[in-house]
Amino acid sequence: MARTTDHRFVLVTRRTRLEELVARFNTRSQAQFYVEHLGADFADYEQEHEIYLGAVQSTREILSGHGRLHALDRSYLPNYVFAPDDYVAAIGQDGLVANTMKYIGHRPLVGINPDPARWDGVLVPTQVGDLEHLLGPWLSGSAPTRSITFARAVLNTGESLLAVNDLFIGARTHISARYQISFGTKSESQSSSGIIVSTGLGSTGWLKSIRHGAAVISGQPDRPGPIPWDAKQLVFSVREPFPSRSTQAGIVSGEASAKRPLVITSAMAENGVIFSDGMESDFLAFNSGVTATIAPLPGAGQLVFKVAGKKKAAA
């Protein structure tokens, strides 16, 4: 297909479950033996794989007809340098879209659902069949978007980390995290399983599970539901705070803002970390003396929504 423009597209993909199994067991037949030996349905893995590859191929053909295309596996996101004029799309589940968004700056991101019958993620509103109709508005900058607030942790070492869904602050392993926490006019030493700081987008994920678990244990109704994606505050929750002679548990939850950030100073000699959106391999070291100031970053992300109109079939 002849190109109609000279735009540059970056399509972010991820390995399927089948590809991950083959990487683990070396061959497809060995992966099949392992799955079926445990009584699972290997055909489901194969079906998911074929549908995903088909959707990726169709997407590549559509985008290649309108400019240069570069396919990028999600594992390369932390080190990839996006050009200022790149048009970025991610094809997969919500997690892939969230992982991609924090690395591309303020440029709009198209989230593509490769298998609507299997996945119904809110961050993948576009189907492959929508792409041709979406391209004009997307390239002209007139496509409808939703603004998303990020969380940002800034260290006194000069390093920083963004999160689309949530930040985790704590120990790398399953040992207690030790730190000094300050919020507003209050400050105390704590020992806990770590701190979760959620954005509005992430309030339906990790934060929701923490709130629900606390409600069940206490016998109280769940706290308020999700907050807006573009909310100008973050919600933090301390996991399993342990009060003792040297640690307190008075600051266990709250809403951090630009004027009232959450400040945490590590008291861990080693293995302290801060990571975001479940990507444990992309972390900041958070050991003794390091201070993290955490606040929202409104409008940091822009998710493109499909334009109303007649769909065109996928290639």
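Being a predicted model, the structure only gives us computed values, none of them experimental.

(A) Fine view of the overall build of the protein. Of the regular secondary structure elements, the protein holds six helices and 17 strands. Relative to its length of 315 residues, the protein is compact, with a C-alpha radius of gyration of 22 Å against a globular reference of 20 Å. Along the longest, intermediate and shortest principal axes, the C-alpha atoms of the protein span 70 × 50 × 40 Å. Out of the 315 residues in the protein, the part that is buried amounts to 45%. When contacts within the protein are restricted to residue pairs at least 6 apart in sequence, those whose partners lie at least 24 apart make up 71%. In the protein, the 30 positive side-chain charges and the 29 negative ones have mean positions that sit 6 Å from each other.

(B) Geometry of the environment of Pro298. With respect to the helices and strands, the residue Pro298 is situated in strand β17 (residues 291–304). Look at Pro298 and you get partly exposed, because its relative accessible area is 40%. Taking C-alpha positions, Pro298 is 6.3 Å from Phe150, a pair spaced 148 residues apart along the chain. Other than its neighbours up to four places away in sequence, Pro298 contacts Thr149 and Lys232.

(C) Region of interest: the environment of Ser64. Here Ser64 is to be found in helix α3 (residues 42–64). Separated by 55 residues in sequence, Ser64 and Phe9 place their C-alpha atoms 8.1 Å apart.

(D) Looking closely at helix α6 (residues 206–218). An ideal rise of 1.5 Å per residue puts 18 Å on 13 residues; α6 measures up with 19 Å between its terminal C-alpha atoms. By the burial criterion, the buried members of α6 are Leu207, Ile210, Arg211 and Ala215. Axial view of α6: buried residues confined to an arc of 130°, hence all on one face. Across from the buried face of α6, at angles greater than 90 degrees, the exposed residues are Val216 and Ile217. Gly219 occupies a position one or two residues after α6 and carries a positive phi of about 75°.

(E) Focus on the side chain of Thr100. Within the secondary structure, Thr100 is located in helix α4 (residues 94–101). Engagement of the side chain of Thr100 in a polar contact is seen with the backbone oxygen of Leu96, the distance being 2.8 Å. Not counting chain neighbours up to four residues away, the residues in contact with Thr100 comprise Val12, Leu77, Val88, Ala90 and Leu109.

(F) Just the packing of aromatic side chains, in detail. Going through the model one piece at a time under the given rule, you end up with eight aromatic pairs. Relative to Tyr45, the ring of Phe42 lies with its centre 6.3 Å away and its plane at 20°, an arrangement referred to as stacked. You can see Phe42 and its partner Tyr45 sitting in helix α3, three residues apart, about one turn around the helix. Taking the relative accessible area as the measure of exposure, Phe42 reaches 1% and is therefore buried. An aromatic cluster is defined as three or more aromatic residues linked by ring pairs; in this entry it consists of Phe9, Tyr87 and Trp138. Taking NZ or CZ as reference, Arg17 lies 4.0 Å from the ring centre of Tyr45, over its face. Taking the ring centre of Tyr34 as reference, the NZ or CZ of Arg24 above it sits at 5.0 Å.

(G) Focus on the sheet that holds strand β16 (residues 283–285). Pairing is antiparallel in the open sheet, where six strands are placed in the order β13-β12-β11-β8-β15-β16. If you trace the sheet from one side to the other, it starts and ends with β13 (253–256) and β16, each paired once. When the angles between neighbouring strand axes are averaged without regard to direction, this sheet yields 20°. In this sheet, strand β15 (residues 272–276) lies alongside strand β8 (residues 166–171) in antiparallel orientation, the contact comprising five bridges.

Cut-offs and rules
- Counting starts from 1 at the beginning of each chain's written sequence and moves along it residue by residue.
- Confidence filtering applies because this is a predicted model: local features only for residues at pLDDT of at least 70, side-chain atom pairs given and counted only at 80 or more, and all residues used for totals across whole chains, interfaces and linings.
- The side-chain quantities take in all heavy atoms of the structure and omit both hydrogens and water.
- Strands here mean DSSP runs of E at least two residues long; helices mean DSSP runs of H or I at least four residues long; both are numbered from the N terminus.
- Two things to know: the radius of gyration comes from C-alpha atoms, and the globule rule equals 2.2 Å times the number of residues to the power 0.38.
- Each residue's exposure class comes from its accessible area (1.4 Å probe, protein chains only) as a fraction of the maximum for that residue type: buried when under 20%, exposed when over 50%, partly exposed otherwise.
- The contact rule is simple, with two residues in contact once any of their heavy atoms fall within 4.5 Å.
- Note on charges: Lys and Arg go in the positive column, Asp and Glu in the negative column, and His and the chain ends are not counted at all.
- Where a charge sits is defined by one atom per residue type, namely NZ (Lys), CZ (Arg), CG (Asp) or CD (Glu).
- Working rule for helices: expected span equals 1.5 Å times residues minus one.
- Working note: the arc is built from the helix axis to C-beta atom directions.
- Within 3.5 Å is the distance limit for a polar contact, defined as a pair of N or O atoms, with the added protein rule that one can donate a hydrogen and the other accept it, and that residues adjacent in sequence qualify only through two side-chain atoms.
- Aromatic rings from Phe, Tyr and Trp, taking only the six-membered ring of Trp, are treated as a pair when their centres fall within 6.5 Å; an angle between ring planes under 30 degrees marks them as stacked, one over 60 as edge-to-face, and anything in between as tilted.
- Put simply, a charge is over a ring when the Lys NZ or the Arg CZ is close to the ring centre, within 6 Å, and near the line of the ring normal, within 35 degrees.
- If DSSP finds at least two bridges between two strands, the strands pair.
- To obtain an axis, a line is fitted to C-alpha atoms, over the contacting stretch when the element is a helix, and the angle between two such axes runs from 0 to 180 degrees between their N-to-C directions.

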